[in-house]
Amino acid sequence: MQPEIRKIVAYEEEILIEGFRATERPWHVFAAAAVVKNPWAGRFVEDLKPEILAFGPVLGKLLTDRILKLGGSGEAIEAYGKAAVVGLDGEIEHASGLIHTLRFGNFYREAVGAKSYLAFSNTRGPANAPIMIPLMDKNDAGRRSHYLTIQFSIPDAPRGDEVVVALGGATSGRPFHRIGDRYQDLKEMGRDLDNPAAV
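Residues numbered from 1 in each chain as written. Predicted model: local features only at pLDDT ≥ 70, side-chain atom pairs only at ≥ 80, totals over all residues. Heavy atoms only, no water.

What follows deals with the packing of aromatic side chains. On inspection of all chains with the given rule, the structure shows 2 aromatic pairs. Measuring from ring centre to ring centre gives 4.9 Å for Tyr11 and Phe152, while their planes differ by 10°; the resulting arrangement is stacked. Taken together, the residues Tyr11 in strand E1 (residues 5-18) and Phe152 in strand E6 (residues 148-152) connect sequence positions 141 residues apart. Residue Phe152 is classed as buried on the basis of its relative accessible area, which comes to 7%. (Phe/Tyr/Trp six-rings, centres within 6.5 Å; stacked < 30°, edge-to-face > 60°. Helix = DSSP H or I, 4+ residues; strand = E, 2+ residues; numbered from the N terminus. Buried < 20%, exposed > 50% of the residue type's maximum accessible area, 1.4 Å probe, protein only.)

Here is the structure:
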């Protein structure tokens with residue numbers, strides 16, 4: 001069983017001016033997406049696991065290979081994330097199923113040497129729906145400079161019976177980061193890293 005991939009899309013930005021100031025080096029953000037036929041579209045399927053097990057490694061390797069080319073190397077990628085948008089004949093569960101498996105995400109984690117979890121979004125929409133990929137530092141979940149979101153769309157995807165599966169990355173955080181990080185907040189508030197709300 002193999003995913004039916006209609007097309008692969010690359011998205012890339014090199015931002016030279018941010019906040020009315022020139023960046024020292026281009027701020028590079030990018031994404032790779034696969035438009036996949038949804039094997040569960042239009043019906044309720046109790047057991048999603050066979051397709052998840054079959055599709056996860058194929059899509060994980062394909063998109064990781066593409067994102068590494070966009071970023072230059074696994075070492076160069078500092079921030080990372082994933083997303084899926086299911087078409088209108090599918091469930092949010094279908095979008096989640098294709099990206100929330102280690103058989104998909106571990107290809108990317110291992111390629112960039114990451115310790116953090118992959119930031120994510122899973123949504124439903126028509127063709128040209130926004131694809132929103134939240135990013136975070138691959139090794140430090142509290143590093144706010146790397147809290148980013150890549151947004152783009154594909155004019156003809158997802159169709160009703162498709163899912164767009166995507167990975168995103170950046171080679172740095174925001175060029176002029178100046179809002180601090182969560183560790184400073186925790187210190188000032190006398191809170192613990194594992195229980196920041198003290199509940």
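More follows now that the structure is in view.
Note that Ser172 resides in the loop between strand E7 (162-170) and helix H4 (182-189). According to the relative accessible area criterion, Ser172 is buried, its value standing at 12%. Excluding residues within four positions of it along the chain, Ser172 makes contact with Arg25, Trp27, Glu78, His146 and Leu148. (Contact = heavy atoms within 4.5 Å.)

Ranked by internal contacts, the top residues of the largest apolar core, which has 28 residues, are Leu59, Leu63, Phe104, Tyr108 and Val165. Taken together, the elements giving at least two residues each to this core come down to strand E2 (21-37), helix H1 (49-71), strand E3 (79-86), helix H2 (92-99), helix H3 (102-112) and E7. No other element matches H1, which puts 6 residues into this core. Not counting chain neighbours up to four residues away, the residues in contact with Leu59 comprise Pro3, Ile5, Ala34, Val36, Phe104 and Val165. Counting 22 residues, the second-largest nonpolar core is a separate cluster that includes Val9, Val29, Val35 and Ile133. (Core = buried A, V, L, I, M, F, W, Y, C linked by side-chain atoms within 4.5 Å.)

Take H2 next. Most of H2 sits inside the fold, with 6 of its 8 residues counted as buried. All buried positions along H2 are accounted for by His94, Ala95, Ser96, Gly97, Leu98 and Ile99. Next to the buried residues of H2 lie H1, E3, H3, strand E4 (119-124) and E7.

This brings us to unusual backbone geometry. Apart from glycine, the bulk of residues carry a negative phi angle, and the bulk of peptide bonds sit in the trans form. In this chain, Ala157 is followed by Pro158 through a cis amide linkage whose omega measures 0°. Looking at the element boundaries, Pro158 is found in the loop between E6 and E7. With phi around 70°, Phe20 is a residue other than glycine that occupies positive phi space. Note on placement: Phe20 falls in the loop between E1 and E2.

Turning to the packing of H1 against H3, a few remarks are in order. Between H1 and H3, whose axes approach to 6 Å, the crossing angle comes to 30°. With respect to H3, the element H1 is oriented roughly parallel. The way H1 lies across H3 gives a crossing that is right-handed. Residue-level inspection shows Leu53, Gly56, Pro57, Leu59, Gly60, Lys61, Leu63, Thr64, Ile67 and Leu68 of H1 in contact with H3, the latter providing Arg103, Phe104, Phe107, Tyr108, Ala111 and Val112. A class-by-class count of the residues in the contact of H1 with H3 yields 11 nonpolar, 3 polar and 2 charged. (Axes fitted to C-alpha atoms, helices over the stretch in contact; angles between N-to-C directions. Parallel < 35°, antiparallel > 145°, perpendicular 65-115°, else oblique. Left-handed = near helix turned anticlockwise from the far one by under 90°. Nonpolar A, V, L, I, M, F, W, Y, C, P; charged D, E, K, R; others polar.)

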